[in-house]
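As a plain string of letters, each chain reads:
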Amino acid sequence: MPFGRWRSSPPPPDADSFTADALDHLDALYGTALRLTRRPEDAQDLVQDTYLKAFRARARFTAGTNLRAWLYTILHNTWRNRRRDQSRSRVEADSEVVEIAAERGDTGGLPAPTPEDLLLREAMSDDLRVALDGLPEAFREVVWLRDVDDLSYQDIATVLSVPMGTVMSRLARGRRQLHAGVLAARRATPS
Amino acid sequence: MRINTECDRFDELLALEAEHGDGAVVDPALHRHLAGCPACEAAVAAQRAVRKRLVTHRRALQITAPPGVRTRIAAKLAGEAHAEAGASMATGWGLRLSPLAAAAALMLVITVGVLPMVTGQSSVVLAAQLALDHVKCFLIDGDVHATPISAADAEATMRKQHGWSVPVSATGGVDDGHLVAVRECLYSEGMAAHLLYRVGETPVSLFVMPDTDHAVASVSILASDTVSWHQNGRTHMLVGPAGSRATLDSMARHLQLEAR
């Protein structure tokens, strides 16, 4: 295109095709929302809010890029805003703080387990799920996005609004913590 | 805990290293370090083991959204699209829509434009929800070669699931129709009985719900035609593929006569 020629913005994706494409990722988004909120009702609400925001902003989505990562970004932003609004806990998990928490073995300041938590944990009966559940949120999300959802480091950095170095650092610490958690869960389970 | 500053220098690369098989070189300096640092070597091995398990169990770790969530969200987005199309037409933005989107928006506006605005919109949203359920349920239970089920079996299912004593038509009121399944579907206001018919090879759904205040309407949405009516204290909606309006109208007439 010659320099200086006026260029119109591309039309937003067709509503029906965008809806169909976006809903292909519903289970992944719901799983993420459930990990973050720990309550099925809150997870459904968060996912619905995410889809509405994505639909309204679909003109800003670049066709051919990673739709799932874009939806994750909206979901995580929505979640962070909600937490900030509710002032229930820290919004940003500072790497230093998270690292100290991980060394101490606490779960990032999460409240005591609710009945929903216990139900969720009962369903996650194997050692891997138990260990994942015990990771601080900032570590758990990075590990999950990389090793389960197979997102690139760059996409994870965008989704979580952190530098790429932080992604790599949290990934390394998260995996080590998870490894230790799996071993501990195995030791705790009578054979 | 590792406090070696050289270890810290390579800390970020350990995650990357753990994703490569033995022998692959992420960074030659890192490899030299690992050869002489058992702590980092063990950290990489731990990461590699964890990643391998997670990758292996990816599918098992995924959680499925509860039934009804997809339908509710799709209906919300259809409502958004409807409102968006109306706003676009009103402000002249419709000129910027693609021809296909403009045609779809025009079809929506013409189809529901004769209805009162408030009830009309809610009818469109209901039609959108049920149109999606129609497609979904036929994918699950509506095989074109499915064995027809009897009206008695369908009535027994509805009695068991809803406590409703509803006379069911085995043919949907048309000569080449037959009932292939009965399901229960979640919509925004509760549960609906869903009767799946094949008319020839055309899939047609009859949804029966507790009576609502939705306007009786013929709506075309999401590549589907719908016809609704109120009778005997319940709301009924027929849904078929686009272009099946004549079949739906005929079925609606016969079903209303049969239910009197």
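Rules of the game
Residues numbered from 1 in each chain as written. Chains lettered and ligands numbered in written order. Predicted model: local features only at pLDDT ≥ 70, side-chain atom pairs only at ≥ 80, totals over all residues. Heavy atoms only, no water. Helix = DSSP H or I, 4+ residues; strand = E, 2+ residues; numbered from the N terminus. Buried < 20%, exposed > 50% of the residue type's maximum accessible area, 1.4 Å probe, protein only. Contact = heavy atoms within 4.5 Å. Areas by Shrake-Rupley, 256 points an atom, 1.4 Å probe, with all protein chains shown as cover. Buried area = accessible area lost by both parts, 1.4 Å probe. Salt bridge = Lys/Arg side-chain N within 4 Å of Asp/Glu carboxyl O. Polar contact = N/O pair within 3.5 Å; in protein donor to acceptor, adjacent residues only side chain to side chain. Pairing = 2+ DSSP bridges. Axes fitted to C-alpha atoms, helices over the stretch in contact; angles between N-to-C directions. Core = buried A, V, L, I, M, F, W, Y, C linked by side-chain atoms within 4.5 Å. Patch = residues over 30% accessible without salt bridge, like charges linked within 9 Å, V, L, I, M, F, W, Y side chains within 5 Å. pLDDT = per-residue confidence, 0-100. Parallel < 35°, antiparallel > 145°, perpendicular 65-115°, else oblique. Left-handed = near helix turned anticlockwise from the far one by under 90°. Nonpolar A, V, L, I, M, F, W, Y, C, P; charged D, E, K, R; others polar. Expected span 1.5 Å × (residues − 1). Arc of directions from axis to C-beta.

Right, let's talk about the overall build of chain B for a bit. Helices and strands together make up the secondary structure of chain B, namely 9 helices and 6 strands. Within the span of chain B, comprising 260 residues, buried residues form 44% of the whole. At a minimum sequence separation of 6, the contacts of chain B that also span at least 24 residues come to 56%. As displayed, chain B has an accessible area near 12900 Å², and 59% of this comes from carbon and sulfur atoms.

If you look at the interface, chain A gives 47 residues, while chain B gives 41 residues. Each partner contributes to the roughly 3900 Å² buried at the junction of chain A and chain B, and carbon and sulfur atoms together form 60% of this total. The partner of Arg56 of chain A in a salt bridge is Glu80 of chain B, with the nearest N and O atoms 2.8 Å apart. Where chain A meets chain B, there are 13 residue pairs in polar contact (both at pLDDT 80 or more). Residue contributions to the side of chain A that touches chain B peak at 12 residues, all from helix α10 (residues 164-188) of chain A.

This paragraph deals with the sheet that holds strand β3 (residues 202-210) of chain B. Residue and element names in this part refer to chain B. Overall, antiparallel pairing links the 6 strands, which are arranged β1-β2-β3-β6-β5-β4 in an open sheet. Every interior strand has two partners, whereas the edge strands, β1 (177-187) and β4 (218-221), have only one. Taking each pair of neighbouring strands and ignoring which way they run, the sheet shows an average axis angle of 20°. Taken together, the 7 bridges between strand β2 (residues 190-199) and β3 define a ladder with antiparallel strand orientation. Residue His194 lies in a different strand from β3, and its bridge partner there is Phe207.

Below, the discussion takes up the nonpolar core. Of all hydrophobic cores here, the largest spans 60 residues; its most connected members are Val47, Tyr51, Trp70 and Leu178 of chain A together with Leu54 and Ile73 of chain B. Sort the elements by how many residues they give to this core and helix α4 (residues 67-86) of chain A lands first, with 8 residues. Setting aside chain neighbours within four positions, we find Tyr51 of chain A in contact with Ala22, Leu23, His25, Leu26 and Leu29 of chain A together with Ile73 and Leu77 of chain B.

A few words now on the side chain of Arg58 of chain A. Its location among the elements puts Arg58 of chain A in the loop between α3 (40-56) and α4. Polar side-chain contacts of Arg58 of chain A include one of 2.9 Å to the backbone oxygen of Phe55 of chain A.

With that settled, consider the pairing of β2 of chain B. All names here are of chain B. Taken across its 10 residues, β2 has 8 buried, putting it largely inside the fold. Inspection of the sheet shows β1 paired to β2 by 10 bridges, in the antiparallel sense. Looking across to β2, one finds that Val182 is bridged to Leu195. Two successive antiparallel strands, β2 and β3, enclose a turn made up of 2 residues, where Gly200 displays a positive phi of approximately 65°.

This next bit is on a nonpolar patch on the surface. Residue and element names in this part refer to chain B. Taken together, the side chains of Val135, Leu139 and Ile140 make up a nonpolar region of the molecular surface, amounting to roughly 330 Å² of accessible area. Examined against the element boundaries, Ile140 turns out to sit in helix α7 (residues 117-141). Relative accessible area serves as the criterion here: at 53%, Ile140 is assigned to the exposed category.

Moving on, we get to unusual backbone geometry. Residue and element names in this part refer to chain A. Phi is positive for Asp150, which is not a glycine, with a value near 60°. Residue placement: Asp150 occurs in the loop between α8 (137-148) and α9 (153-160). We note that Ser161 has phi near 55°; this positive angle belongs to a residue other than glycine. With respect to the helices and strands, the residue Ser161 is situated in the loop between α9 and α10.

In this section: the confidence of the model for chain A. Residue and element names in this part refer to chain A. Chain-level statistics for chain A give a pLDDT mean of 77 and a share of 72% at 70 or above. Scored below 50 in pLDDT, residues 1-9 makes 2 contacts in the model with residues more than four places away or belonging to other chains. A low-confidence stretch, residues 88-125 stays under pLDDT 50, and its non-local contacts, those more than four residues away or across chains, total 43 contacts.

A separate point is the packing of α8 of chain A against α9 of chain A. Residues and elements named next belong to chain A. Contact geometry of α8 with α9 gives a least axis separation of 10 Å together with a crossing angle of 140°. Our classification of the angle between α8 and α9 gives oblique. Of the two elements, α8 crosses α9, and the hand of that crossing is right-handed. Mapping the contact onto sequence places Glu141, Val142, Leu145 and Arg146 in α8 and Tyr153, Ile156, Val159 and Leu160 in α9. Class assignment of the residues belonging to the contact of α8 with α9 gives a composition of 6 nonpolar, no polar and 2 charged.

Here we come to helix α8 (residues 151-162) of chain B. Residue and element names in this part refer to chain B. Here α8 spans 16 Å end to end across 12 residues, near enough to the 16 Å set by a 1.5 Å rise per residue. Those residues of α8 lying buried are Ala151, Ala154, Met158 and His162. Down the axis of α8, the smallest arc covering the buried residues is 60°, so these residues share one side. α8 presents Ala152 and Lys160 as exposed residues on the side facing more than 90 degrees away from its buried surface. Where α8 is buried, its residues contact β1 and β2. Gly163 occupies a position one or two residues after α8 and carries a positive phi of about 70°.

So, on to the pairing of β4 of chain B. If a strand is regular, its side chains alternate between the two faces of the sheet. Residue and element names in this part refer to chain B. Examined bridge by bridge, β4 and strand β5 (residues 224-231) share 4 bridges and lie antiparallel to one another. Its bridge partner being in β5, Ile221 is matched across the sheet by Ser224. Counting the residues between successive antiparallel strands, the hairpin from β4 to β5 contains 2 residues, one of them, Leu222, with a positive phi of roughly 50°.

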